[in-house]
Amino acid sequence: MALSSFDIDAPRWDQTTFMGRLKHFFNITDPRTALLPDARLDEAKALVESCRAGSTPPGTTEEHLHYAKKLYDSAFHPDTGDRMNLIGRMSFQVPGGMAITGFMLQFYRTVPAVVFWQWVNQSFNALVNYTNRNAASPITPKQIGVAYITATSTALATAVGLNLYTKKAPPLVARWVPFVAVAAANCVNIPMMRQQEILNGIAVTDENGNKLGHSTKAAVKGISQVVISRVTMAAPGMIILPIIMQRMEKFKFMQRITFLHGPIQVMMVGVFLIFMVPAACSLFPQRCSIAVSKLEPELRDSIQSKYGDAVQLVYFNKGL
């Protein structure tokens, strides 16, 4: 294939299948890309944009273009093309998530520790949610603040309340408190951080990318899928790992190295997240669709009056 005709935005893998999306997200959530300097990322963006313009530098190969697109997708927002902050990128989910989740699972016994690590986690989540929002729906600093405070309060109330409630429960039940708090907070944090999409609708297009209007129903569908993905991302590590640790801590060698329990949990969470971050992101297509018949009556009638039955589905970026 001549590189001048290379379509760099064409999916490298079939995005309509789970396995295709899994390969895609394994590619762009690669934690190694988080270590690259901004200058290298900007070079990748320049190569992607030159390829889009039909002009690639001499000596460029398809492999160069695939790698540039990998870096571009991992670091630049799909709506704006702006470079995303490092902590909010999905490629930082493994190193960032493993550290925070590992310590949440380790320090769950005292209220001060629960409060601190839940606050750290919700601060991290709020930044991730803001970074990966649908940027076509702007959010004000006040709304960001309200979303952050609401989600953090929900997590703290859930964690502290359950921590006190499970004092007399089996030890394993207490170890699962952080997951319940994280799941509850995600159900608040993501919708609150993306409230503009729910209030004003999200931009929807036809199959060719032509804008058709804004839909609140599309926004609700996309955000619901993101909530499910985020909870799924955390679930295996936060549910299975406590069982593993509870059994391991009964061994004498583990009782002699209690100071290493935290780092051990951090590393084990990392093993889970290396697989779960791309798997959870792959549950639903990034370019989400909804039937015209399920849209708001006004938007549905507008599309049908203009296009008749030619447009059966509309598409939108659900965010991550």
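This one's a predicted model, so the numbers in the text were calculated from it and none came from an experiment.

What counts as what
- Residues numbered from 1 in each chain as written.
- Predicted model: local features only at pLDDT ≥ 70, side-chain atom pairs only at ≥ 80, totals over all residues.
- Heavy atoms only, no water.
- Core = buried A, V, L, I, M, F, W, Y, C linked by side-chain atoms within 4.5 Å.
- Buried < 20%, exposed > 50% of the residue type's maximum accessible area, 1.4 Å probe, protein only.
- Helix = DSSP H or I, 4+ residues; strand = E, 2+ residues; numbered from the N terminus.
- Contact = heavy atoms within 4.5 Å.
- 1 Å grid on protein atoms, 1.4 Å probe; cavity = no way out; pocket = protein on both sides within 12 Å on 5 of 7 lines; lining within 4 Å.
- Points joined across faces, edges and corners; volume = space filled by probe spheres on them.
- Pairing = 2+ DSSP bridges.
- Domains from an automatic or database assignment.
- Buried area = accessible area lost by both parts, 1.4 Å probe.
- Salt bridge = Lys/Arg side-chain N within 4 Å of Asp/Glu carboxyl O.
- Polar contact = N/O pair within 3.5 Å; in protein donor to acceptor, adjacent residues only side chain to side chain.
- Nonpolar A, V, L, I, M, F, W, Y, C, P; charged D, E, K, R; others polar.

Chemist: Outline the nonpolar core, supporting the account with residue identities and numerical values.
Modeler: M238 and L273 are the most contacted members of the largest nonpolar core, which has 35 residues in total. Sorting the residues of this core by element identifies α1 (18–28), α4 (93–106), α5 (111–131), α8 (177–193), α10 (216–248) and α12 (261–281) as the ones contributing at least two each. For this core, the element with the most residues is α10, which contributes 10 residues. Setting aside anything within four residues of it in sequence, one finds L273 in contact with Q93, V94, G97, M98, M233 and P278.

Chemist: Which residues make up empty space enclosed by the protein, and what values go with them?
Modeler: Going through the model one piece at a time under the given rule, you end up with three cavities of 30 Å³ or more. A volume near 240 Å³ is recorded for the largest cavity. Contributing to the lining of the largest cavity are 19 residues, with Q93, T101, N125, M233 and A234 lying nearest its centre. With five residues, α10 is the largest single contributor of residues to the lining of the largest cavity. Its boundaries defined by the atoms lining it, the second largest cavity holds a volume of some 60 Å³. Every residue lining the second largest cavity is listed: M104, F107, Y108, A113, V114, W117, Q118, V177 and P178.

Chemist: Which residues make up the pairing of strand β3 (residues 287–291), and what are the values?
Modeler: By the alternation rule, side chains of β3 split into C288 and I290, which are all buried, and R287, S289 and A291, of which none is buried. With five bridges connecting them, β3 and strand β4 (residues 313–317) associate as antiparallel partners. Counterpart to R287 in the pairing with β4 is N317.

Chemist: An account of the domain arrangement of the chain is needed here, citing residue identities and associated values.
Modeler: Domain annotation of the chain identifies domain 1 (16–82) and domain 2 (88–284). Each of domain 1 and domain 2 has a C-alpha centre, and these two points are 26 Å apart. Contact with domain 1, which involves 18 residues of that partner, is made by 21 residues of domain 2. When the two sides are added together, the surface that domain 1 and domain 2 hide from each other amounts to roughly 1400 Å², 63% of it contributed by carbon and sulfur. At the junction of domain 1 with domain 2, the criterion picks out zero salt bridges. Run the count over domain 1 and domain 2 and you get three residue pairs in polar contact (both at pLDDT 80 or more). When residues of the side of domain 1 that touches domain 2 are traced back to their parent elements, those giving at least two are α1, α2 (38–52) and α3 (62–75). With six residues, α1 is the largest single contributor of residues to the side of domain 1 that touches domain 2. Residue composition of the side of domain 1 that touches domain 2, grouped by class: nine nonpolar, five polar and four charged.

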